[in-house]
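Coordinate analysis (summary)
The residues making up each chain are set out below.
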Protein chains: 2
Amino acid sequence: MNEAIKVGVIGLGTVGQGVLRLLKDNADEITRRVGRPLRVTYASVRDPNKPRDCDLSGVTTVADPMQIARDADVDLIVEAIGGISPARELIETAVGRGISVVTANKALIAEDGNRIFDAARQTGASVAFEAAVAGGIPVIKAVREGLAGNRVERLAGIINGTCNYILTQMQEKGTSFDEALRDAQRLGYAEADPTFDIEGMDSAHKLTILASIAFGVPLDYASVSVEGITKVTPQDIQIAQVFGYRIKLLGIAKRHATGVELCVHPTLVSEKAMIAKVDGVLNSVVVHGNAVGEVGFYGRGAGGDATASAVVADLCDLARTLGVDARHAVPPLAFQPEAVQPLPVMAMADVPSAFYLRLLVADEPGVLSKLTTILAAHDISVEAILQREPHGEDDATVALITSVIPQHRFDHALTEMRALPFVREDAARLRVEKFE
Amino acid sequence: MNEAIKVGVIGLGTVGQGVLRLLKDNADEITRRVGRPLRVTYASVRDPNKPRDCDLSGVTTVADPMQIARDADVDLIVEAIGGISPARELIETAVGRGISVVTANKALIAEDGNRIFDAARQTGASVAFEAAVAGGIPVIKAVREGLAGNRVERLAGIINGTCNYILTQMQEKGTSFDEALRDAQRLGYAEADPTFDIEGMDSAHKLTILASIAFGVPLDYASVSVEGITKVTPQDIQIAQVFGYRIKLLGIAKRHATGVELCVHPTLVSEKAMIAKVDGVLNSVVVHGNAVGEVGFYGRGAGGDATASAVVADLCDLARTLGVDARHAVPPLAFQPEAVQPLPVMAMADVPSAFYLRLLVADEPGVLSKLTTILAAHDISVEAILQREPHGEDDATVALITSVIPQHRFDHALTEMRALPFVREDAARLRVEKFE
Ligand SMILES: NC(=O)c1ccc[n+]([C@@H]2O[C@H](COP(=O)([O-])OP(=O)(O)OC[C@H]3O[C@@H](n4cnc5c(N)ncnc54)[C@H](OP(=O)(O)O)[C@@H]3O)[C@@H](O)[C@H]2O)c1
Ligand SMILES: NC(=O)c1ccc[n+]([C@@H]2O[C@H](COP(=O)([O-])OP(=O)(O)OC[C@H]3O[C@@H](n4cnc5c(N)ncnc54)[C@H](OP(=O)(O)O)[C@@H]3O)[C@@H](O)[C@H]2O)c1
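Treat the numbers as computed from the prediction; the structure is a model and nothing was measured.

1. What about the overall build of chain A?
Counting secondary structure elements, chain A contains 14 helices and 17 strands. In terms of principal-axis extent, the alpha carbons of chain A reach across some 80 × 60 × 50 Å. In chain A, which comprises 436 residues, the share counted as buried stands at 61%. Sequence separation of at least 24 residues holds for 70% of the intrachain contacts in chain A that already meet a minimum separation of 6. Put simply, chain A has 43 plus and 56 minus side-chain charges, and the middle of one group is 3 Å from the middle of the other.

2. With respect to the site of ligand 2
Residue and element names in this part refer to chain B. Taken together, 21 residues surround ligand 2, and among them Gly-13, Thr-14, Val-15, Lys-50 and Gly-303 come closest. Gly-13 is positioned such that a nitrogen or oxygen atom in its backbone is 3.0 Å from an oxygen atom of ligand 2. The separation between an oxygen atom of ligand 2 and a polar side-chain atom of Arg-46 is 3.0 Å. Its free accessible area being 900 Å², ligand 2 has 75% of it covered by the protein chains.

3. A word on the relation of the copies chain A and chain B
In screw terms, the move from chain A to chain B is a rotation of 180° and a rise of 0.0 Å along the axis, fitting with an RMSD of 0.0 Å. Here the two chains are linked by the operation of a two-fold rotation axis. Within chain A, Phe-297 of chain A has its C-alpha nearest the rotation axis, a separation of 2.3 Å.

4. Considerations on the pattern of salt bridges
All names here are of chain B. What the rule picks out here adds up to 48 salt bridges over all chains. Note that Asp-202 and Lys-106 form a salt bridge whose closest N and O atoms lie 3.6 Å from each other. Note that Asp-202 is positioned in helix H10 (residues 201–215) and Lys-106 in helix H5 (residues 106–123), a separation of 96 residues in sequence. Relative accessible area serves as the criterion here: at 5%, Asp-202 is assigned to the buried category.

5. Looking at the site of ligand 1
All names here are of chain A. As a matter of local geometry, ligand 1 sits amid 21 residues, with Thr-14, Val-15, Arg-46, Lys-50 and Gly-303 nearest to it. In this structure, an oxygen atom belonging to ligand 1 sits 3.1 Å away from a side-chain N or O atom of Arg-52. Protein contact buries 75% of the 900 Å² of open area that ligand 1 shows by itself. Considered class by class, the residues forming the shell around ligand 1 number nine nonpolar, seven polar and five charged.

6. Some words on the pairing of strand S11 (residues 282–289) of chain B
Working note: regular strand, side chains alternate between the two faces of the sheet. Residues and elements named next belong to chain B. Within S11, seven of the eight residues are buried, leaving the element largely enclosed by the surrounding structure. The pairing of strand S7 (residues 152–158) with S11 spans six bridges and is classified as antiparallel. Its bridge partner lying in S11, Arg-154 is registered against His-288. One ladder, built from eight bridges, connects S11 with strand S12 (residues 293–300); its direction is antiparallel. Counterpart to Ser-284 in the pairing with S12 is Tyr-298. In sequence, S11 turns back onto S12 through a hairpin of three residues.

7. As for the environment of Ala-142 of chain A
Turning to its location among the elements, Ala-142 of chain A is positioned in helix H6 (residues 139–146). Along the backbone, Ala-142 of chain A and Met-417 of chain A are 275 residues apart, and their C-alpha atoms lie at a distance of 50 Å. In contact with Ala-142 of chain A, not counting residues within four places along its chain, are Leu-147 and Phe-297 of chain A together with Pro-138 of chain B.

8. Things to note about unusual backbone geometry
With an omega dihedral of 10°, the bond running from Ser-85 of chain A to Pro-86 of chain A counts as a cis peptide bond. By the secondary structure assignment, Pro-86 of chain A is in the loop between strand S4 (76–79) and helix H4 (87–96). One non-glycine residue, Ala-134 of chain B, adopts positive backbone phi at about 60°. Among the secondary structure elements, Ala-134 of chain B is positioned in the loop between strand S6 (127–128) and helix H6 (139–146). Phi is positive for Asp-379 of chain B, which is not a glycine, with a value near 60°. On the secondary structure map, Asp-379 of chain B appears in the loop between helix H13 (367–377) and strand S14 (382–388).

9. A short note on helix H13 (residues 367–377) of chain A
Spacing of three or four residues puts side chains on the same side of an α-helix, whose turn is 3.6 residues. Residue and element names in this part refer to chain A. Taken together, the buried positions of H13 are occupied by Val-367, Leu-371, Ile-374 and Leu-375. Angularly, the buried residues of H13 cover 100° about the axis, an arc narrow enough to put them on a single face. Away from its buried face by more than 90 degrees, H13 exposes Ala-376 and Ala-377. Considering only its buried residues, H13 is in contact with strand S13 (352–361), strand S14 (382–388), strand S15 (396–402), helix H14 (407–418) and strand S17 (423–433). Among the residues trailing H13, Asp-379 stands out with phi positive, at a value near 60°.

10. Side note on the sheet that holds strand S3 (residues 60–62) of chain A
If you walk across this open sheet you meet the six strands as S3-S2-S1-S4-S5-S6 (chain A), and the pairing is parallel. Among the strands making up the open sheet, the edge pair consists of S3 and strand S6 (127–128) of chain A.

11. Here we look at the interface of chain A and chain B
Each side of the interface is counted separately: chain A has 135 residues, and chain B has 135 residues. Overall, the association of chain A and chain B removes approximately 11,500 Å² of surface from exposure, summing both partners, and the carbon and sulfur fraction of that is 61%. The interface formed by chain A and chain B includes eight salt bridges. Notably, a salt bridge pairs Glu-29 of chain A with Arg-255 of chain B, separated by 3.0 Å at the nearest N-O pair. In this structure, the connection of chain A to chain B is made through 40 residue pairs in polar contact (both at pLDDT 80 or more). The element contributing the most residues to the side of chain A that touches chain B is strand S10 (residues 259–270) of chain A, with 10 residues. For the side of chain A that touches chain B, a count of residues per class yields 77 nonpolar, 31 polar and 27 charged. Pairing of S17 of chain A with strand S10 (residues 259–270) of chain B involves three bridges; the strand directions are parallel. Paired with Glu-433 of chain A across the two strands is Val-269 of chain B, which belongs to S10 of chain B.

12. What about the packing of helix H4 (residues 87–96) of chain B against H5 of chain B?
Residue and element names in this part refer to chain B. Two elements in contact, H4 and H5, have axes whose closest approach is 9 Å; the angle formed by their N-to-C orientations is 15°. For the element pair H4 / H5, the angle class is roughly parallel. The two elements H4 and H5 cross, and the hand of that crossing is right-handed. Taking contact as the criterion, the partners of Ala-87, Arg-88, Ile-91, Glu-92, Val-95 and Gly-96 in H4 are, on H5, Leu-108, Asp-112, Arg-115, Ile-116, Ala-119, Ala-120 and Thr-123.

13. A short note on the UniProt feature "binding site: L-homoserine" (unreviewed entry) in chain A
All names here are of chain A. When the UniProt feature table is mapped onto this chain numbering, "binding site: L-homoserine" (unreviewed entry) sits at Glu-191. Tracing the backbone shows Glu-191 in the loop between helix H8 (177–186) and helix H9 (195–198). Taking relative accessible area as the criterion, Glu-191 reaches 52% and is therefore assigned exposed. Those residues in contact with Glu-191 that lie beyond four places of it in its chain are Gln-185 and Asp-197.

14. Focus on the environment of Asp-202 of chain B
Residues Asp-202 of chain B and Ala-110 of chain B lie 92 residues apart in sequence; the distance between their C-alpha atoms is 9.9 Å. Not counting chain neighbours up to four residues away, the residues in contact with Asp-202 of chain B comprise Lys-106, Ile-159, Asn-160, Phe-196 and Asp-197 of chain B.

15. Quick look at the nonpolar core
Within the largest apolar cluster, 182 residues are counted, with the highest numbers of intra-cluster contacts made by Tyr-356 of chain A together with Tyr-356 of chain B. Apart from residues lying up to four places away in sequence, Tyr-356 of chain A is in contact with Ala-399, Leu-400, Ile-401, Ala-428, Arg-429, Leu-430 and Val-432 of chain A together with Asp-236, Ile-239, Phe-243 and Leu-268 of chain B.

Reading the values: rules and limits
- Throughout, residues of each chain are indexed from 1 in the direction in which the sequence is written.
- Following the order in which they are written, the chains are lettered starting with A and the ligands numbered starting with 1.
- Given that the model is predicted, a residue must reach a pLDDT of at least 70 before its local features are reported, and side-chain atom pairs must reach 80 or more before they are shown or counted; all residues, however, enter totals for whole chains, interfaces and linings.
- The basis for the side-chain values is all heavy atoms of the structure; hydrogens and waters are excluded.
- Elements are defined by DSSP. Helices are runs of H or I of four residues or more, strands are runs of E of two residues or more, and each kind is numbered from the N terminus.
- The classification of residues rests on relative accessible area computed with a 1.4 Å probe and restricted to protein chains. Under 20% of the type maximum is buried, over 50% is exposed, and intermediate values are partly exposed.
- Residues count as neighbours in contact if any of their non-hydrogen atoms are within 4.5 Å of one another.
- Asp and Glu are treated as the negative residues and Lys and Arg as the positive ones, with His and the ends of the chain left uncounted.
- Charge positions come from single atoms, namely NZ of Lys, CZ of Arg, CG of Asp or CD of Glu.
- For this description, a residue counts as near a given molecule or strand if any of its non-hydrogen atoms is within 4 Å of it.
- Here a polar contact is recorded for every N or O atom pair within 3.5 Å, except that within protein the pair must consist of a potential hydrogen donor and a potential acceptor, and residues adjacent in sequence are included only if both atoms are side-chain atoms.
- Only the protein chains shown count as cover for residues, with accessible areas throughout obtained via the Shrake-Rupley method and a probe of 1.4 Å.
- When the copies are overlaid, the least-squares fit takes in C-alpha atoms only where the residue has pLDDT of at least 70 in both copies.
- The rule for a salt bridge is simple: a side-chain nitrogen of Lys or Arg has to be within 4 Å of a carboxyl oxygen of Asp or Glu.
- Just so you know the grouping, Ala, Val, Leu, Ile, Met, Phe, Trp, Tyr, Cys and Pro go in nonpolar, Asp, Glu, Lys and Arg go in charged, and all remaining residues, Gly too, go in polar.
- Any two strands are treated as partners once DSSP identifies two or more bridges connecting them.
- Read the arc as the range of directions from the helix axis to the C-beta atoms.
- Two parts placed together each lose some accessible area under a 1.4 Å probe, and the buried area is that loss summed for both.
- Under this scheme, a helix contributes an axis fitted over its contacting stretch, all axes are lines through C-alpha atoms, and angles between N-to-C directions fall in the 0 to 180 degree range.
- In this scheme, roughly parallel covers angles under 35 degrees and roughly antiparallel covers those over 145, while 65 to 115 is roughly perpendicular and the rest are oblique.
- Note: crossing handedness is left-handed where the near helix turns anticlockwise from the far helix by less than a right angle, and right-handed where it turns clockwise.
- UniProt positions are given in the numbering used here, feature names are shortened, and annotations may be inferred rather than shown by experiment.
- To define a nonpolar core, start from buried Ala, Val, Leu, Ile, Met, Phe, Trp, Tyr and Cys residues and group those joined through side-chain atoms within 4.5 Å.

Pasting the structure below:
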């Protein structure tokens, strides 16, 4: 087993605790990918008596985060306290001694990233910030590396879950902005002081970062035009709908002949566009490259686990560069060659699934009752059913969707149904797949 | 200027020509990202007289692709001829002499990838294959690196554009499978012999690759259960719709307690799921990680330019590892620090956009005519307009959406409209954004 990579985590709030949980829960998976285990050795906690939703055994906790940044025996540091100061000083101190830092701090990167990256360059350290934009969606990596062959023409994103939740509530329930905001606060989707989210500043921070990596321009938060969602009315949402549009808070970065457009504002988007369908707290970013055309991403933009997913991805990237052979840092099949291990592939008969079945049957009484009796005997529930009268010479149709069951159980029931005298043909059997 | 990285391209078909075009058109952008220019120095063409939709000046063309694999003075090679043989021998020869290869060849990677990666490991060369799955969508990178902190529980994808086009046609027009296939062939979305696509083999190749990088299992094409779309009927599509579902050809990889499920089949998905809304030739992959939850990606899965986007992204990744300091291969802002250059940020007044306007007006005759006269005088077309009678004491409402115009022009018109005696209030002005 290769030596562990030692990680210091500064700040054990929502994100910091998520990082500790994730590094523990997925330790095996992560080691198989990176080739070395990632182990949290230091964490800073302001209040040592506050209960934390993560396992701190084996972790040295310190009250002063600067101790981790300046002195602790760590290979990598996670900054998860947020805000400009002391986060900036902590990161500058860490990179100053050559330790790379992972941060989820969009405000800091958008406002002071240029100088932080300069400081890191002095020593050859890195500052990674995938978690700063769109939480768990790996959109920084996608734009920075996955679309590297493109000239990015424009991008637009729903990059604040609080606002998207509020606008979705207003759309679906017809509620006022104030009511939807209170609702979001009650559910923990909005802070007690929601200004930063609803006035668009948080989106502007993220847009600043996206625009830089898309266009190759310095971070320039001050130049973003920002308008929040507080003036959006149910009436406008309703009229937009009549026109075939949804209202979304978008961050937009676009090249024009004379410069770039950088703005955040409530925006009408056609209800047919994929981004219009991203509802609730979900985030989404759509990028238009001159080669690839439009590529879209969606997923959870916040929350401890989703944000930790991005932080840990950055840790894995950095951990790989700490190895002897950074050139082969990412193995072709994601996992280190010696960790690629077969798993048994299940026979489809054993795979559980919901099923769709369409039968052609003679048009006679008692058909449904006999079919459903067989299904019940095999402990199969029916989620939806439809019966259609015959047209002219045709047989009648029965179509249904079952609960999730192993295929062999469904097949046994089907064999019995086929044997019923009134069943002419099992015309179609398809699987049903559930998404979130 | 740093020395160019020399690229050899084997096969100048749809993908190969796209790669040459892209490396030329986006040369400046790519150099700014990678730090060194990428230059195609060799290409193989079977028929030198066949016209090619790319500029071959400065490129040495050879008839025998093995010449490039074995001897040519190149740093990186792109394999874009497809098929198992001689593609496999070419790649093995190239990696055998330590040259890394980028390929779009999903059949080859799915069927022989294990041995190809082993061969590459002998010399320390890499084999990159982002283009092999979902064309321009950077899904390999997302799963392999962006979601590295997760245990991937399951993934599902629309990974064959031909099938998705056919199913979308059947859904939207009610046509039969045969008719939709002919339609796809006429438009160039299906091959003359479409077997590979419609019987699900192409999806199975891609699913094999996705499953490996998601679960850390060896490539195992032979174990995938495959069912194509030829038996899907308009009737099932229609009944599924009644139940609130769409039918999509999905590749599915899922962990269960006893093993993994690997299959490709037509599948019912709730019409509310994002993936159900991915229509036409678009591809989409949805990944469920234990930390991030559900993350989705969509975009163009095929075509010369979109596929070349992925090939060139891989070339950029590999080119970065050829530099002196592979550790800092990817700069924080995507572009090399010395290439990060400000662009003028436009004043919002100059930014062109379509606008949504809602006015409260007195309920009197001639309102619409006077408003539209002002708009016409400013050369602003109206894309949609709606007038609502007053409710009780309220004013009447006029709402409209304009053509795309610079904001200052819209503002001038708005100033004039506001001055009209019957206009009580400009209650809302929002931007409208167009997506593909
Ligand atoms: N939450 C999300 O979903 C999310 C998503 C994306 C990005 N982010 C970003 O992630 C960062 C952290 O967010 P969070 O939600 O985890 O915040 P949080 O829950 O408020 O946690 C912040 C933690 O930092 C500690 N802390 C704050 N100031 C400190 C100081 N001066 N010295 C020492 N410790 C200090 C706090 O300690 P105490 O516990 O002792 O008060 C707390 O544990 C922010 O930059 C945020 O923008 C968050
Ligand atoms: N097209 C897409 O949208 C797409 C998307 C994703 C992945 N891919 C993959 O990309 C690869 C290339 O596809 P493509 O669409 O570009 O194919 P294509 O248009 O048929 O081009 C293949 C090229 O390879 C050349 N070639 C074939 N066999 C050869 C041999 N034995 N020796 C020398 N040259 C040979 C052909 O030469 P001639 O021109 O002289 O016949 C042709 O230029 C395939 O693996 C495919 O699966 C394609």
